[in-house]
Amino acid sequence: MRRQWALVMTAVTVAAGLSACGDSGSSDGKTIKVAYQKFGNFIGADELFKKIKPVFEQQNPGVKLKLIPIEADENSYYTKLGLMRRSKSTAPDVAYEDTFFVNSDAQARFLMPLDDKLASWPDWSQFVAASKAAGKAGDGHTYGVPMGTDTRGLWFNKKIFAKAGLPADWQPKNWNDLLTAARQIKAKVPGVIPLNVYAGKGVGEASSMQGFEMLLYGTADKLYDDQTKKWVAPSRGMNDAMNFLKTVYSEKLGPTQQQALDPHWSDNVAAQELPQGKLAIALDGSWLPQGWIPGGVSAWPDWSKTLGTAPMPTQNGQAPGKVSLSGGWLLSVGANTKNPDAAWKLVQLAMNKENSLFFYIKGTQVSVRNDVTSDPEYVKGNPTQQFWTSLVQYTQYRPAYSVYPQISNQLQAATEAVVTGQSAPDKAVNDLAGQIKQLAGPDKVEGTS
Amino acid sequence: MVAVDLPESTRPAARRSPAARGRRAAGRILPLVPAFALIALFFLGPILWCVYASFTDVALTGATASTPHLIGLRNYRRMFADPAFGQSLWLTVVFVVGSAVIGQNVGGMALALLMKSRHRIARAVVGAIVVGAWVMPELVAGFVWYAFLADDGTLNAILRAVGLHGKSWLYVMPLLSVIIANVWRGTAFSMLVYSAALSNVPEDLLEAAAVDGASAYRRLRHITLPLMRRAVMTNLMTITLQTLAVFTLIFVMTGGGPGTKTQTLPIYMYQSAFKFYQLGYGAALAIVLLAVGGVFSVIYLRMMREEI
């Protein structure tokens with residue numbers, strides 16, 4: 001009797017255990033799962049998909065749309081998305097995808113090529129060429145529809161500029177103009193930080209992209225050569241960029257080392273230093289007004305009167321004269337979706353003119369659709385939007401390879417060594433080149449100096 | 001697994017045939033099968049996967065995400081050639097020795113000794129305060145310490161109020177900051193273990209020694225501590241393994257920085273696996289972390305076995 005009882009218990013427990021392992025989500029093609037980021041200020045994607053869910057379900061009877069908002073910062077979002085994709089039963093049918101991972105996710109066979117579908121989609125001709133290229137992987141296929149982008153350049157405080165005797169329509173022509181203005185502010189307006197250029201590991205990717213790479217891409221060199229398919233290190237441009245950082249920090253034109261290396265420094269710049277008039281020039285991104293508009297985390301009604309914008313100049317003013325780097329996100333279709341047609345319909349719906357405009361405004365995105373850019377609704381409420389959108393034609397994207405996050409980490413460490421005075425610029429660049437060789441493989445790296 | 005040895009004569013099975021004994025053993029083991037199955041599924045399974053993954057180049061994205069290759073010992077070779085790993089290992093050892101072996105252990109013992117034979121109310125108040133720090137979730141404890149030590153935090157506000165200059169504590173002395181925070185958080189556990197062990201030290205033994213003229217120090221050194229030996233070793237092993245795994249506290253307070261100054265092995269592992277997407281390398285680090293815990297355990301077990 002007792003033994004039978006034990007057998008029954010065993011069977012029940014095992015059965016319960018096994019059924020718990022089964023897939024509770026549906027992968028029968030009747031449900032389309034869309035995964036996207038929802039974090040802090042960034043709720044644009046969530047609002048977009050909530051808005052279109054009833055429309056989609058009405059247009060596609062019998063198909064349900066399941067929203068999977070992932071509450072995580074950018075880096076953790078990607079980790080979670082990657083983990084979801086490791087199993088076919090949890091992989092989303094449509095996902096909010098960083099352009100920057102297109103290559104490595106295509107190699108991982110997480111994504112479905114969309115070339116045929118895009119060719120027959122009339123809206124596709126409205127998208128800016130640079131943004132189309134951002135969704136194209138090294139294998140020549142396109143894996144997503146761009147959801148907008150961001151650009152980078154200079155913000156400056158016109159009130160501080162007036163005190164320092166600098167013009168309100170300031171447009172530096174080269175790096176030297178930038179340094180001259182910073183020195184003038186230091187001399188005439190004590191107590192403010194003249195120029196912020198991100199450096200060090202504290203602020204992470206901001207230091208690579210808004211900092212070092214905005215300088216490097218204004219020289220004759222780049223981080224990655226698309227023709228030879230090699231990383232470029234060391235290079236003359238790298239040395240010059242490091243020397244610029246050294247000048248800013250050693251002449252005390254920038255923030256103190258402690259400020260710059262604080263992990264919260266980039267948040268502080270947007271939420272405190274600029275609004276409180278403690279920072280004159282910021283090399284930063286188009287998205288900053290996200291926090292200043294009504295309802296933002298640090299609402300600042302006067303921001304558009306106080307701040308001016310200028311493109312980041314190239315090193316010596318050489319053509320095209322302006323530098324910008326862009327990130328940006330795509331809507332991609334999962335390689336293993338059971339219902340590719342419905343998934344593609346969702347992408348079309350989410351990225352049509354009306355919904356793109358909705359998302360650009362909610363997410364403080366820079367438009368990549370020509371018909372939206374010319375829509376008066378788009379620039380309403382953000383007077384700088386036109387300026388940031390004008391940079392799209394000059395903008396460049398980071399090398400989108402899976403080794404980049406590690407190389408970026410080394411870039412940050414190298415800039416930290418320079419701004420703290422631990423290494424001289426040329427030594428930091430040589431060390432960096434050694435690290436890149438180790439990470440990418442010596443045959444994937446070429447030096448130019 | 002605790003095996004209870006019954007005297008031979010009371011075992012009815014001893015008088016039965018071997019077949020009956022086998023059936024009886026099966027009847028005993030069978031109810032344990034679900035438990036074993038669960039342990040295998042949720043505990044052994046992940047560990048085995050981790051061991052396997054540490055010999056592959058599996059990643060979260062890129063070509064090796066869907067088709068990982070076995071690469072033998074390459075992860076381990078890369079690890080031992082990586083100066084960041086050596087630094088992390090060293091920081092981990094310093095963190096464990098500083099905050100667990102010295103801080104929590106000595107602090108817990110001191111508190112337990114001081115609270116012994118104090119007034120009931122004093123014990124209740126001190127106990128509540130210390131245990132209060134311990135029951136706090138790790139995340140909250142980390143945030144509390146961040147708020148205390150940050151540039152515009154409580155400590156600097158107090159210092160300024162009395163006319164002193166504050167410092168950026170988390171920048172100037174990051175490792176010491178996280179060690180102190182972990183001592184603050186974990187000392188209660190040692191205190192509870194030692195309080196319980198102290199109550200098992202026979203009073204008459206101590207009184208007899210006092211009558212014989214032994215000083216308080218000698219009573220502690222030669223009677224109390226030797227009698228608590230097992231409790232000390234058990235406590236050391238527990239807090240060492242707990243501290244080795246501390247992640248949240250450091251992550252919240254410093255994020256492993258500034259630079260890599262507080263990047264202990266768990267933080268380094270997290271960075272490799274989930275920030276650089278190299279699951280295989282992260283798994284190899286996890287195995288090494290397991291081995292470090294094993295080394296500490298073996299040392300303690302050895303010390304426990306030695307008789308006085």
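- By the naming in an unreviewed UniProt entry, chain B goes by Amino acid ABC transporter permease and is assigned to Actinoallomurus iriomotensis.
- Among the UniProt annotations of chain B, the heading Subcellular location (unreviewed entry) holds the following wording: "Cell membrane".

- Looking up chain A in an unreviewed UniProt entry gives the name Sugar ABC transporter substrate-binding protein, with the organism given as Actinoallomurus iriomotensis.

### Quick notes on the confidence of the model for chain B
Here is step 1 of the chain: Per-residue confidence for chain B averages 87 on the pLDDT scale, and 94% of its residues sit at or above 70.
Here is step 2 of the chain: Per-element confidence in chain B ranges from a low mean pLDDT of 82 for helix 1 (residues 18–29) of chain B to a high of 94 for helix 9 (residues 174–198) of chain B.

### Focus on the sheet that holds strand 7 (residues 224–225) of chain A
Residues and elements named next belong to chain A.
Here is step 1 of the chain: The strand order across the open sheet built from 3 strands is 7-8-16, with neighbouring strands paired in mixed fashion. Strands with a single pairing partner mark the edges of an open sheet, and in this sheet they are strand 7 and strand 16 (445–446).
Here is step 2 of the chain: Inspection of the sheet shows strand 8 (residues 230–232) paired to strand 16 by 2 bridges, in the parallel sense. Paired with Val-232 across the strands is Glu-446, a residue of strand 16.

### Here we look at the interface of chain B and chain A
Here is step 1 of the chain: In this assembly, 25 residues from chain B lie in contact with 26 residues from chain A.
Here is step 2 of the chain: Contributions of two or more residues to the side of chain B that touches chain A are made by helix 2 (33–53) and helix 14 (265–275) of chain B.
Here is step 3 of the chain: The greatest single-element share of the side of chain B that touches chain A, amounting to 5 residues, is contributed by helix 2 of chain B.

### Observations concerning the domain arrangement of chain A
Residues and elements named next belong to chain A.
Here is step 1 of the chain: Considered domain by domain, chain A is made up of domain 1 (31–150 + 327–397) and domain 2 (152–323 + 403–446).
Here is step 2 of the chain: Domain 1 and domain 2 are separated by 28 Å when their C-alpha centres are compared.
Here is step 3 of the chain: With 13 residues of domain 1 at the interface, the matching set in domain 2 holds 16 residues.
Here is step 4 of the chain: Split by residue class, the side of domain 1 that touches domain 2 holds 6 nonpolar, 6 polar and 1 charged.

### What to know about the environment of Pro-320 of chain A
Here is step 1 of the chain: Along the chain, Pro-320 of chain A falls in the loop between strand 11 (312–313) and strand 12 (322–323).
Here is step 2 of the chain: Considering only alpha carbons, one finds Pro-320 of chain A and Gly-308 of chain A, 12 residues apart in sequence, at a separation of 21 Å.

### Let's talk about the UniProt feature "domain: ABC transmembrane type-1" (unreviewed entry) in chain B
Here is step 1 of the chain: Mapped onto this structure's residue numbering, the UniProt feature "domain: ABC transmembrane type-1" (unreviewed entry) falls at residues 89–300 of chain B.
Here is step 2 of the chain: Counting secondary structure, residues 89–300 of chain B comes out at 79% helix and 0% strand; the distance between its end C-alpha atoms is 20 Å.

Rules of the game
Residues numbered from 1 in each chain as written. Chains lettered and ligands numbered in written order. Predicted model: local features only at pLDDT ≥ 70, side-chain atom pairs only at ≥ 80, totals over all residues. UniProt positions renumbered as here; feature names shortened; annotations may be inferred. pLDDT = per-residue confidence, 0-100. Helix = DSSP H or I, 4+ residues; strand = E, 2+ residues; numbered from the N terminus. Pairing = 2+ DSSP bridges. Contact = placed C-beta atoms within 7 Å. Domains from an automatic or database assignment. Nonpolar A, V, L, I, M, F, W, Y, C, P; charged D, E, K, R; others polar.

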